Amino acid sequence: TGDGHYTAHTRKLNTGSIGLSMASMHGAKHSPFKKGDSPITKIQLESFVQMVAEYADTYDIEISRKTILTHAEVPTTLGVPQSGKWDITWIPGMSKPGDPIAVGDALRDMVRDAASELDNDEPSSGFSSEADMASALAEHILSFLKKNSG
């Protein structure tokens, strides 16, 4: 960056990559598990999955373990150690973190489902329109900011 400070999104894997994230899991702990005061929500997950599917479609990215993966999968799948990154091993509906590869596989299945519906005129997220999805996501972000601003 211009100020000389740099933080890698994913250690040694930023060049030629797209890093997507969700604003969540503040205060979360992997062990003993604590999902924190702003866990991933169902609406975030749905919107995130849709966004990943759209990026995969737009940039012709194969949906596979080596091309679309979470931080938690990187050490095992690509052999690049990551420091303190255990996301995403928990998603809504889980009582505790799961195996990184299994959770990644579940996320990729969701992305494949969303991608299979992209050629349709209807959004795959269950919202009646893209505007409704964007509005719901914006409301979620505003709610989070209000909750955590003071």
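Summary of the structure given here. It should be emphasised that the depicted structure is a prediction, and the values quoted were computed from it without experimental measurement.

**Quick look at the overall build of the chain**
A tally of regular secondary structure across the chain gives four helices and zero strands. Start at the N end of the chain and walk to the C end: the helices and strands fall as α-α-α-α. Split into buried and exposed, the 150 residues of the chain put 30% on the buried side. Summarising the internal contacts of the chain: among those between residues at least 6 apart in sequence, 56% fall at separations of at least 24. Surface exposure of the chain reaches about 9600 Å², of which carbon and sulfur atoms provide 52%.

**Structural notes on a nonpolar patch on the surface**
On the surface, Ile-18, Tyr-55 and Tyr-59 cluster together into a nonpolar patch covering about 300 Å² of accessible area. Looking at where Ile-18 falls in the secondary structure, it is placed in the segment before helix H1 (42-58).

**Let's talk about unusual backbone geometry**
In this structure, Pro-32 follows Ser-31 across a cis peptide bond, with omega equal to -10 degrees. Its place among the elements puts Pro-32 in the segment before H1. For the bond from Asp-87 to Ile-88, the omega torsion is 0 degrees, close enough to zero to count as cis. Locating Ile-88 in the fold gives a position in the loop between helix H2 (74-78) and helix H3 (100-116). Located in the positive-phi region is Lys-12, a residue other than glycine, with phi close to 65 degrees. Relative to the helices and strands, Lys-12 is located in the segment before H1. With a relative accessible area of 66%, Lys-12 lands in the exposed category. Residues other than glycine seldom take positive phi values, yet Asp-60 does so here, at roughly 50 degrees.

Analysis parameters
- Residues numbered from 1 in each chain as written.
- Predicted model: local features only at pLDDT ≥ 70, side-chain atom pairs only at ≥ 80, totals over all residues.
- Heavy atoms only, no water.
- Helix = DSSP H or I, 4+ residues; strand = E, 2+ residues; numbered from the N terminus.
- Buried < 20%, exposed > 50% of the residue type's maximum accessible area, 1.4 Å probe, protein only.
- Contact = heavy atoms within 4.5 Å.
- Areas by Shrake-Rupley, 256 points an atom, 1.4 Å probe, with all protein chains shown as cover.
- Patch = residues over 30% accessible without salt bridge, like charges linked within 9 Å, V, L, I, M, F, W, Y side chains within 5 Å.
- Salt bridge = Lys/Arg side-chain N within 4 Å of Asp/Glu carboxyl O.

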